[in-house]
Amino acid sequence: MKVKTILVSQPEPKVENSPYFELQQKHKIKIDFRPFIHVEGVSAKEIRLQKIDLNHYTAIILTSRNAVDHFFRVADEMRYKVPEGLKYFCQSEAVAFYLQKYVVYRKRKIYVGAKDFADLSPLIKKYKDEKFLLPASDQLNADAPITLNSLKVDWAQAIFYRTVMSDLSDLADVYYDVLAFFSPTGIKSLFKNFPDFQQNNTRIAVFGSTTQKEALDHGLRIDILAPTPETPSMTMALEKYIAEANKGK
């Protein structure tokens with residue numbers, strides 16, 4: 001069956017040269033973007049109930065842009081003046097770059113990992129006498145605590161924000177040829193909003209093994225999978241599938 005419409009369960013890209021827009025123009029298809037999940041901040045009061053005192057920590061571990069935003073939001077709510085000597089350990093260059101929204105880069109001690117959380121290990125080990133705070137979501141990947149515990153450093157985790165399922169009721173009567181998912185929570189959101197969802201001819205695209213597992217656990221048929229050696233991104237996987245499905249269009 002040919003593909004004419006795709007719903008991507010993420011916010012619309014802000015860059016004009018997004019591969020999604022190129023895909024849309026190349027194949028003359030319609031791609032809509034709608035986050036199936038969103039992030040809500042935890043109040044300073046709730047964080048205090050987690051027995052977190054920001055003054056206690058000398059280093060902050062930041063795994064995402066959400067972590068950056070909510071750390072500085074909470075600091076502001078708590079009237080905590082972020083010291084210039086605070087060390088920042090950023091999981092990736094993208095997170096470190098985003099940190100510039102809040103701090104003057106050249107005046108801060110910023111350490112950057114390659115991509116995965118484990119890549120921060122040598123940097124954290126080098127500063128093992130620091131007191132580390134990991135501001136995170138309620139759905140933190142297990143690799144972070146495992147890595148930090150193995151390094152035997154003084155660290156604490158605190159929930160600064162939560163991943164919440166969005167209200168999708170306005171999509172009840174809307175049909176798409178392909179639904180693209182990027183997290184297990186996205187799949188859960190689909191079934192929370194539409195408990196009686198029947199896949200029928202809808203193609204399901206998933207990114208990552210945990211998303212794949214969640215989809216299979218809900219009885220979904222997976223038609224498009226990424227990343228693979230041949231299609232390392234979702235857009236490449238969609239491109240490959242559409243090129244095949246829309247032959248002779």
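Everything quoted here is computed from the prediction, not taken from an experiment.

Colleague: Explain the nonpolar core to me, using residue names and the numbers behind them.
Modeller: Core analysis: the biggest nonpolar cluster contains 31 residues, and Leu 54, Leu 62, Phe 71, Tyr 88, Leu 99, Leu 133 and Phe 160 have the highest contact counts within it. For this core, the elements supplying multiple residues, two or more each, are helix H2 (44-49), strand E4 (59-62), helix H3 (65-77), strand E5 (87-90), helix H4 (93-99) and strand E8 (154-165). Among the elements that take part in this core, H3 stands out by supplying six residues, more than any other. The residues contacting Phe 160, other than those within four sequence positions of it, are Gly 41, Val 42, Ile 47, Leu 54, His 70, Phe 71, Arg 73, Val 74, Leu 133, Pro 135 and Ala 136.

Colleague: Summarise the pattern of salt bridges; cite the residues concerned and give the values.
Modeller: Counted under the stated rule, the structure contains ten salt bridges. Between Glu 46 and Arg 162 there is a salt bridge, with its nearest N and O atoms 3.1 Å apart. Taken together, the residues span a long stretch of sequence, with Glu 46 in helix H2 and Arg 162 in strand E8 at a distance of 116 residues. Residue Glu 46 is classed as partly exposed on the basis of its relative accessible area, which comes to 31%.

Colleague: Residues and numbers for the sheet that holds E8, please.
Modeller: Across the sheet, six strands lie side by side as E3-E8-E7-E4-E5-E6; this open sheet has mixed pairing. Single-partner strands in this sheet number two, and they are strand E3 (37-41) and strand E6 (109-112). Looking at each pair of strands side by side, their axes are set apart by 25° on average, direction ignored. Across five bridges, E3 lies against E8 in antiparallel orientation. Within the sheet, the bridge partner assigned to Val 39 lies in E8 and is Thr 163. The strands touched by H3 within the sheet are E3, E4, E5, strand E7 (131-137) and E8, with E8 carrying the most contacts at an inclination of about 105°. Relative to the sheet, helix H6 (residues 143-151) contacts E4, E7 and E8, its axis offset from that of E8 by approximately 180°.

Colleague: Report on the packing of helix H1 (residues 19-27) against helix H9 (residues 234-245), specifying residues and quantitative values.
Modeller: Close contact between H1 and H9 brings their axes to 10 Å; oriented N to C, the two are set at 10°. As summarised for this structure, H1 and H9 are arranged roughly parallel, according to the angle between their axes. Seen from H1, the contacting residues are Pro 19, Tyr 20, Leu 23, Lys 26 and His 27; seen from H9, they are Met 234, Thr 235, Leu 238, Glu 239, Ile 242 and Ala 243. Among the residues forming the contact of H1 with H9, the class breakdown is seven nonpolar, two polar and two charged.

Colleague: Tell me about the packing of aromatic side chains, and name the residues and values.
Modeller: Enumeration over the complete set of coordinates arrives at twelve aromatic pairs. Ring centres of Tyr 20 and Phe 33 lie 5.4 Å apart, and the angle between their planes is 85°; on these two criteria the pair is classed as edge-to-face. One end of the pair, Tyr 20, is in helix H1; the other, Phe 33, is in strand E2 (residues 30-33), with 13 residues separating them in the sequence. The class for Phe 33 is buried, based on a relative accessible area of 17%.

Colleague: Describe the environment of Lys 131, listing the residues and the values that go with them.
Modeller: Among the structural elements, Lys 131 can be located in strand E7. Sequence separation of Lys 131 and Ala 156 is 25 residues, and the distance between their C-alpha atoms is 8.3 Å. What Lys 131 contacts, discounting residues up to four positions off in sequence, is His 56, Tyr 57, Thr 58, Ala 59 and Asp 154.

Colleague: Explain the sheet that holds E2 residue by residue, including any values.
Modeller: Read from one edge to the other, the open sheet built from five strands follows the order E2-E1-E9-E10-E11, with strand pairing classed as parallel. Edge positions in the sheet fall to E2 and strand E11 (222-226), since each has one partner strand and no second. Neighbour-to-neighbour, the strand axes of the sheet open up by a mean angle of 20°, direction not taken into account. Sheet topology note: the strand E1 (residues 5-8)/E2 ladder contains four bridges and is parallel. Following the sheet pairing, Ile 6 is matched in E2 by Ile 31. Sitting on the sheet, H9 is in contact with E1, strand E9 (178-181), strand E10 (203-207) and E11, with an inclination near 140° to E11.

Colleague: How would you explain the pairing of E5 if you had to name every residue and give the values?
Modeller: Burial along E5 is two-sided: Lys 87 and Phe 89 and Tyr 88 and Cys 90, pointing in opposite directions, are all buried. Here four bridges tie E4 to E5, and the two strands are oriented parallel to one another. The residue bridging Leu 62 from the neighbouring strand is Cys 90, located in E5. One ladder, built from four bridges, connects E5 with E6; its direction is parallel. Opposite Cys 90, over in E6, you have Val 112 as the bridge partner. The β-α-β motif built from E5, the intervening H4 and the parallel element E6 has right-handed crossover chirality.

About the thresholds
- Residues numbered from 1 in each chain as written.
- Predicted model: local features only at pLDDT ≥ 70, side-chain atom pairs only at ≥ 80, totals over all residues.
- Heavy atoms only, no water.
- Core = buried A, V, L, I, M, F, W, Y, C linked by side-chain atoms within 4.5 Å.
- Buried < 20%, exposed > 50% of the residue type's maximum accessible area, 1.4 Å probe, protein only.
- Helix = DSSP H or I, 4+ residues; strand = E, 2+ residues; numbered from the N terminus.
- Contact = heavy atoms within 4.5 Å.
- Salt bridge = Lys/Arg side-chain N within 4 Å of Asp/Glu carboxyl O.
- Pairing = 2+ DSSP bridges.
- Axes fitted to C-alpha atoms, helices over the stretch in contact; angles between N-to-C directions.
- Parallel < 35°, antiparallel > 145°, perpendicular 65-115°, else oblique.
- Nonpolar A, V, L, I, M, F, W, Y, C, P; charged D, E, K, R; others polar.
- Phe/Tyr/Trp six-rings, centres within 6.5 Å; stacked < 30°, edge-to-face > 60°.
- Right-handed = clockwise from strand over helix to strand, strands pointing away.

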